[in-house]
Structures are given as structure tokens and as C-alpha cells.
Amino acid sequence: MDNKIRIQHVVLSLQPGGLENGVVNIVNHLSPDRFQSHICCLKRSGEFGARLNAGIPVHEMGWRGGNSLSLPLRLARLFRKTRPDIVHTRNVEAFFYGFLGAKLAGVNCVIHSEHGRTFDDRPIRFHVQRWFSARTQAVCAVSRQLKRDLAFHTGIPENSIQVLHNGVDLARFNSGNRNRARQSLGLRDGDLVIGSVGRLVAVKNYALLLNAIAALGRRDIVVVLVGDGPERPALEQLSRALDIESMVRFLGHRDDVMTLLPAMDVFVLPSISEGHSNTLLEAMASGIASVVSDVGGNPDIVSHAKEGLVFGCGDQDALVACLGRLCGDAQLRRSMGAAARERVMHEFSIDAMIRRYEGLYVQALFDAMGVE
């Protein structure tokens with residue numbers, strides 16, 4: 001008899017992103033003796049699907065956005081076929097449709113996680129989310145700030161929301177070969193590398209970083225942006241307008257981020273909004289000092305002047321000052337980078353994250369069954 005706990009993870013897609021990276025890490029590292037995972041993509045799968053362990057099914061629903069009366073019915077058919085013990089939805093669209101599909105299929109245990117969002121929804125959507133949430137076994141957020149925001153905007157009681165931080169696979173991000181990484185990018189010995197990894201979208205605010213680099217006035221800096229997205233043409237144009245085009249390298253989407261991070265001297269995350277950044281954890285695990293905006297989970301991860309520097313969101317002068325401080329002090333970069341890796345090892349390892357999720361699943365299932 002198979003006594004594994006069957007979990008149906010519901011996401012929009014497996015296109016590259018922080019949420020998707022987190023789901024892949026969770027699914028790949030859950031104990032295969034105790035848990036069996038399926039992934040349901042409301043839209044299509046995506047590049048991160050190739051990172052899943054063999055034998056993990058991915059179901060594509062082909063949703064094209066907009067209101068769909070048929071999608072909950074199709075999800076219910078899928079859930080009746082896969083017979084999950086738990087349906088775990090990620091972010092609000094997956095929650096609305098996944099919750100309805102679960103209830104139609106008779107799945108008693110639903111968990112919902114928020115991985116980062118802007119709260120520009122209509123009031124009726126907040127009301128629906130609050131009503132649905134009262135009928136789930138657990139509501140989770142990936143940072144303390146997101147927990148507070150979720151409670152404030154939706155009216156879900158703050159004490160009913162759990163915080164489950166992301167974790168990073170230390171075996172993949174372990175201070176790799178710096179010389180090899182820099183050679184692969186054609187960097188010179190004296191280049192100071194300021195880098196970031198993420199989707200080139202407005203919420204990441206990479207325009208602020210480029211403006212800060214121009215204001216800093218140093219010509220020995222190379223900016224490395226790993227990732228792609230709709231903002232790339234505008235950012236390329238901005239780099240030309242600021243006369244720093246020769247200093248900025250757009251690498252596009254890369255699957256070898258772990259080999260590129262060691263080339264960086266400083267990692268920057270200037271986001272306007274953030275959940276609990278996996279790429280920030282990966283940079284810290286690689287022993288890199290960071291400069292981050294004070295939004296979302298960033299202050300949960302980086303203690304100012306210890307593992308890196310924290311600046312006020314959108315404050316260009318503050319970002320320039322932080323970059324100037326780190327660029328001018330190699331010893332400070334090294335000490336902060338070492339402290340960053342140490343913190344990730346103790347608080348944000350993937351093993352610690354998996355223990356939290358496995359405990360969540362067991363407790364939620366007990367709650368659904370009425371077992372104390």
C-alpha cells in the first residue's frame with residue numbers, strides 16, 4: 001500500500017522566476033519516501049520544467065488569462081484523476097482557480113502560499129481571497145513584510161499567516177571558481193563587477209541601478225545583468241543615454257548562474273517589490289556582499305552593515321553611497337560576503353526549508369482530517 005502524501009502544486013507556469021525556482025527546489029528535495037508531487041501549470045510549463053527530477057508529472061491547462069468558468073471544472077477533473085491529499089497553490093490566480101477545483105473534486109486539504117505581489121486588486125477580490133482563506137488549512141507568506149501586507153490588504157488575520165522562508169541549495173552555490181568565471185566573461189584583472197540576476201521587468205527597478213552607476217562616476221566598473229524580459233530594450237537604451245553602454249553587459253537568461261556569480265564583487269537587488277529572493281540567497285551562498293532595497297523579504301535576509309547594505313527603495317543617492325562604500329573597500333566586501341554565506345548556511349539552507357515544508361504538509365493534513 002502506498003502511504004505517501006500526494007501533493008498537487010498549482011502554479012501559473014514554470015517559466016524562469018523566483019516563485020518557480022522555489023517550487024522546483026521544494027519538489028525536488030521533498031522526501032521521496034514520504035511525499036509524491038505533481039505540478040499543475042494553469043498556463044504552460046516552461047524552462048524550469050527541465051530542472052525537475054525524473055518522474056515528477058507536469059500537467060498543463062493552457063489557460064490564456066482572463067476569467068474562465070471552465071478552468072475550475074477542468075482542474076477538478078485533473079484532481080480526481082491524480083487524487084491529491086493536498087492541493088498547494090502559489091499566488092492569487094492559482095489560489096482562486098485551484099481552491100475551486102479542489103473543492104469541486106472533494107479535496108479537503110488546501111494550502112496557499114504568497115511569494116510576492118502588488119496589492120492593486122479590486123476590493124471584491126480581497127473579499128473572495130479572505131473567504132477562501134478561512135476555508136484552507138494554511139496560508140503562508142515567504143517574508144514577514146509580505147505577511148503584514150497580505151493581512152493589511154485582504155483582511156486575513158495576521159496571526160493565521162505562517163512565514164516560510166525560501167532556501168538555497170548550498171551544494172550548487174558554494175563559492176565557485178572566481179578566475180574561471182571572470183575569464184568566461186572576458187573581464188580584466190582590475191574590473192569591479194556589480195551584478196544582478198533576475199527578470200528584466202519594471203518591478204526589479206534596474207533603471208535605478210544604471211542611473212546610480214552613471215552617478216558613481218567610476219570607469220573601472222562592469223555591470224553584469226543575468227536575465228531577460230520586456231524591459232531589456234529600454235534598459236539598453238538607458239545605458240546608451242547615460243554613456244555607460246560599454247560598462248553594462250546583458251547576458252540574457254542563463255542556466256549556469258552558479259558559475260557566473262563568483263565573478264561578481266557586489267550583488268545588487270534594487271527592487272520596488274520583492275518576495276523572498278532566491279537569487280539574493282544564491283548570491284549570499286556564493287559569498288558575495290549585497291546591496292538591497294528595503295522591501296519585501298530583503299531586510300529579513302540581509303542585516304544592514306553585516307551581510308551587506310540596505311538602502312531605501314528608490315533612493316538613488318543612497319544606492320550610490322552604498323555602491324561607493326563597497327567598491328572602495330575590498331576587505332569590507334570580503335567580510336560581508338563571508339558573513340552572508342554563514343547566514344545562509346544557518347538560516348536559509350534548502351535543508352532547513354524542506355524541514356519546514358514537510359512539517360507544514362503533515363500538520364495541514366492532520367488538521368484537515370481532524371487529528372490533534
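A quick note: this is a predicted structure, and the numbers were derived from the prediction, not measured. (Residues numbered from 1 in each chain as written. Predicted model: local features only at pLDDT ≥ 70, side-chain atom pairs only at ≥ 80, totals over all residues. Heavy atoms only, no water.)

### Considerations on unusual backbone geometry
Here comes step 1: For D243, which is not glycine, the phi dihedral falls at a positive 60 degrees.
Here comes step 2: Mapped onto the fold, D243 is located in the loop between α8 (232-241) and β10 (248-252).
Here comes step 3: Although it is not a glycine, A305 adopts a positive phi angle of roughly 70 degrees.
Here comes step 4: If you trace the backbone, A305 turns up in the loop between α11 (298-301) and β13 (308-311). (Helix = DSSP H or I, 4+ residues; strand = E, 2+ residues; numbered from the N terminus.)

### Examining the packing of aromatic side chains
Here comes step 1: According to the stated counting rule, one finds nine aromatic pairs in the structure shown.
Here comes step 2: Judged by centre distance (6.0 Å) and plane angle (85 degrees), the rings of F95 and F132 are edge-to-face. Placement of the pair is F95 in helix α3 (residues 92-105) and F132 in helix α4 (residues 123-133), with a sequence separation of 37 residues. The residues F95 and F132 share a single accessibility class, namely buried.
Here comes step 3: Ring geometry for F96 against F132: centres 6.1 Å apart, planes inclined by 85 degrees, an arrangement best described as edge-to-face. (Phe/Tyr/Trp six-rings, centres within 6.5 Å; stacked < 30°, edge-to-face > 60°. Buried < 20%, exposed > 50% of the residue type's maximum accessible area, 1.4 Å probe, protein only.)

### Observations regarding the sheet that holds strand β3 (residues 58-60)
Through backbone hydrogen bonds, the strands of a sheet pair up, either in parallel or in antiparallel fashion.
Here comes step 1: Within the open sheet, the seven strands sit side by side as β3-β2-β1-β4-β5-β6-β7. Their pairing is parallel. Pairing within the sheet leaves two strands with one partner each, and these edge strands are β3 and β7 (161-163). Strand-to-strand, the axes of this sheet are offset by a mean angle of 25 degrees, without reference to chain direction.
Here comes step 2: As defined by bridge partners, strand β1 (residues 5-11) adjoins strand β2 (residues 35-41) across seven bridges and the pair is classed as parallel. Among the inter-strand pairings, Q8 is bridged to a residue of β2, identified as H38. (Pairing = 2+ DSSP bridges. Axes fitted to C-alpha atoms, helices over the stretch in contact; angles between N-to-C directions.)

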